[in-house]
Amino acid sequence: MADSMEPRRDLVIDGVELTVLGTAHVSRASADQVRKLIQSGDYDSVAVELCRSRFNALMDPRTLAQMDLFSVIRQNRVYMVVANLVLAAYQQRLADQFGIEPGAEQRTALRLAKDQGLNLLLVDREIGITLKRISANLGWWKRYGLFAGLLTAMLSSDEVTEDEVERLKEGDVLETAFAEFAAERRDLYVPLIEERDRYMAAKLRRELARVGAKRALVVIGAGHLKGVAEALETDRTDPGEVLSTLERVPPPSRWPAVFGWTLLVLILAGFGYGFAVSPELGLDLLIGWALITGGLSALGTLLAAGHPLTILSAFLAAPLTTLNPAIGAGMITGAVELYLRKPSVGDFSRLRADVATWTGWWRNRVSRVLVVFVLSSLGAGIGTYVAGLRVVERLIHAGG
């Protein structure tokens, strides 16, 4: 392990002495440095880079067991949950490699702050809001590209040495890496890094004033150290105004809905024209639509190792759900799979560990419901375009 001191900035903000410590979320050195600073007795408050939901998940393993999968499916939050699990799986894989629990420095800060009766401040933005703002910043194609990238990162077997992890926390390296990242993917950098830097600085100022802190230790990821410190020193905007702005979720784009309903009108018009030409052609178009959309959705469910009845439900539901932009095939198949194979308490308790491996996603009943949702939806989506092209082709042939 590298013998290094964690990057830090010492500031005085609104009369409060701050030690802003940059850490790596999978690092023994970070956890040790946090322990050393808190046990020094120099601080009355500790702030950590956590939101309330991540705090609950970190401190209470039962949080996952309380997740309502039916609500997740009904509210179409599956992709957000999958993204969270993929990120957690990647962190867990690194932690297993180095023999240290994920977020060890955060757990250390939380435990010691409680033991010593210090003020505990959660200063990060809710992860759900961050993911929604990222999604709103991306076009639909980039969203799927990002999702695929997360899956690829999870499947990668490349190992990172702990010395390399420690070197990533050197200020110049981080600044250079993020500058390149921002230039290439500004649409991701702004909501993921820049906005959260401003948010954490504003939340910290508000919380320090609320508890009347005099000296505080701020434990944040090293990649946020420069941005948070600069925001604390230069941004004099009212914290409440900053928080309100950065917590606002942009309204969803109307284009996906417009495209979906337009496609529906065109497909139905194609069916109508087919029947007008001849009943045989119209029936052929309908049967082809049902077989292609239903077959590909059922194939996706089969690849997800869904229950035989779930596979059947995909085949029956997809021809109808593909003609209704308000409901997807995954909402049906996910609910059916969940009903037929109810996850046990053990499935929820093992979820984070299971999703750290590719096979674990299929083995765990909770994650398998999510896989069924995703792959059946993907199959139905591909089927829509394949079947739609077939409709066009058949109508052109009939008209010729």
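All chains use their own residue numbering, which begins from 1 and follows the written sequence. Where totals are concerned, whole chains, interfaces and linings use all residues; where local detail is concerned, this predicted model gives features only for residues with pLDDT of at least 70, and gives and counts side-chain atom pairs only at 80 or more. In computing side-chain properties, one takes all heavy atoms of the structure into account and sets aside hydrogens as well as water.

You'll find the protein entered in an unreviewed UniProt entry as TraB/GumN family protein, with Allochromatium humboldtianum given as the organism.

A few words now on the packing of helix α14 (residues 255-277) against helix α15 (residues 279-303). Two numbers describe how α14 lies on α15: the axes approach to 5 Å, and their chain directions differ by 145°. Each of Ile267, Gly270, Phe271, Gly274, Phe275 and Val277 in α14 lies in contact with α15, whose residues at this interface are Pro279, Leu281, Gly282, Leu283, Leu285, Leu286 and Trp289. Amino acids are sorted into nonpolar (Ala, Val, Leu, Ile, Met, Phe, Trp, Tyr, Cys and Pro), charged (Asp, Glu, Lys and Arg) and polar (every other residue, Gly among them). Each residue belonging to the contact of α14 with α15 can be placed in one class, and the counts come to ten nonpolar, three polar and no charged. Note on method: axes are straight lines fitted to C-alpha atoms, helices fitted across the in-contact stretch only, with angles between N-to-C directions ranging 0 to 180 degrees. Helical segments are the DSSP runs of H or I of at least four residues, strand segments are the runs of E of at least two, and each set is numbered from the N terminus. Only heavy atoms matter for contacts: two residues are in contact if any of them lie within 4.5 Å across the pair.

It is worth spelling out the pairing of strand β2 (residues 16-23) at this point. For β2, a buried count of seven out of eight residues is recorded, marking the element as mostly surrounded by other parts of the structure. Strands were regarded as paired on the criterion that DSSP finds at least two bridges between them. In the sheet, strand β1 (residues 8-13) pairs with β2 via six bridges, with the strands oriented antiparallel. Looking across to β2, one finds that Ile13 is bridged to Val16. Count of turn residues in the β1/β2 antiparallel hairpin: two residues, of which Asp14 carries a positive phi of about 55°. Exposure categories follow from relative accessible area, calculated using a 1.4 Å probe and restricted to protein chains: below 20% of the type maximum is buried, above 50% is exposed, and the middle band is partly exposed.

Ring pairs are drawn from Phe, Tyr and Trp, using the six-membered ring of Trp, whenever the two centres fall within 6.5 Å, and their geometry is named by plane angle: stacked under 30 degrees, edge-to-face over 60, tilted for the rest. Applying the stated criterion across every chain yields a total of two aromatic pairs. Between the aromatic rings of Phe271 and Trp289, the centroid separation amounts to 6.0 Å while the plane-to-plane angle is 85°, which identifies the pairing as edge-to-face. A residue pair is termed long-range when its members are at least 10 positions apart, and Phe271 in helix α14 and Trp289 in helix α15 qualify at 18 residues. When its relative accessible area of 6% is taken as the criterion, Phe271 is described as buried. With relative accessibility at 3%, the residue Trp289 sits in the buried group. Cation placement over rings: the criterion is NZ of Lys or CZ of Arg within 6 Å of the ring centroid and within 35° of the ring normal. Positioned over the ring face of Tyr43 is Arg215, at 5.5 Å from the centre of the ring. Positioned above the aromatic ring of Tyr339, the side-chain terminus of Lys342 is 4.4 Å from the ring centre.

By definition, a salt bridge exists where a carboxyl oxygen of Asp or Glu is found within 4 Å of a side-chain nitrogen of Lys or Arg. All told, the structure shown has 20 salt bridges when counted by the stated rule. With its nearest N and O atoms 3.7 Å apart, the salt bridge here joins Glu230 to Lys226. Placement of the pair is Glu230 and Lys226 together in helix α12 (residues 222-234), with a separation of four residues, close to one helical turn. When its relative accessible area of 37% is taken as the criterion, Glu230 is described as partly exposed.

On to the UniProt feature "transmembrane region" (unreviewed entry) in the protein, then. UniProt positions are given in the numbering used here, feature names are shortened, and annotations may be inferred rather than shown by experiment. The UniProt record annotates "transmembrane region" (unreviewed entry) at residues 255-276, 283-305, 311-340 and 369-387. Regarding residues 255-276, the helix share stands at 100% and the strand share at 0%, and the terminal C-alpha atoms are separated by 31 Å. What you have in residues 369-387 is 100% helix and 0% strand, and the ends, taken at the C-alpha atoms, are 26 Å apart.

With that out of the way, let us pick up a nonpolar patch on the surface. On the surface, Phe70, Phe275, Leu283, Leu286, Ile287, Leu291, Leu309, Leu312, Phe315, Leu316, Tyr339 and Leu340 cluster together into a nonpolar patch covering about 1100 Å² of accessible area. Taken together, the elements giving at least two residues each to the nonpolar patch come down to α15, α16 (308-321) and α17 (329-340). Looking at the secondary structure, you find Ile287 in helix α15. Assessed through its relative accessible area of 44%, Ile287 is described here as partly exposed. Only residues whose relative accessible area exceeds 30% and that form no salt bridge are eligible for patches; like-charged ones are grouped when within 9 Å, while nonpolar side chains (Val, Leu, Ile, Met, Phe, Trp, Tyr) are grouped when within 5 Å. A 1.4 Å probe and the Shrake-Rupley method give the accessible areas. Residues count as covered only by the protein chains that appear here.

The next point concerns α16. Multiplying one less than the number of residues by 1.5 Å gives the expected span of a helix. Compared with an ideal rise of 1.5 Å per residue, which puts 14 residues at 20 Å, α16 spans 19 Å between its outermost C-alpha atoms and is within 8% of the ideal. The term bend refers to the angle at a residue between two fitted axes, each drawn through seven residues, those ending there and those starting there. Along α16, the sharpest change in direction is near 25° and occurs at Phe315; proline Pro319 comes one to four residues later. Buried within α16 are the following residues: Thr310, Ile311, Ser313, Ala314, Ala317, Ala318, Pro319 and Thr321.

All right, on to helix α11 (residues 186-211) then. Compared with an ideal rise of 1.5 Å per residue, which puts 26 residues at 38 Å, α11 spans 36 Å between its outermost C-alpha atoms and is within 8% of the ideal. A maximum bend of about 35° is found in α11 at Arg196. In the segment just after α11, Gly212 is the residue with positive phi, at about 65°.

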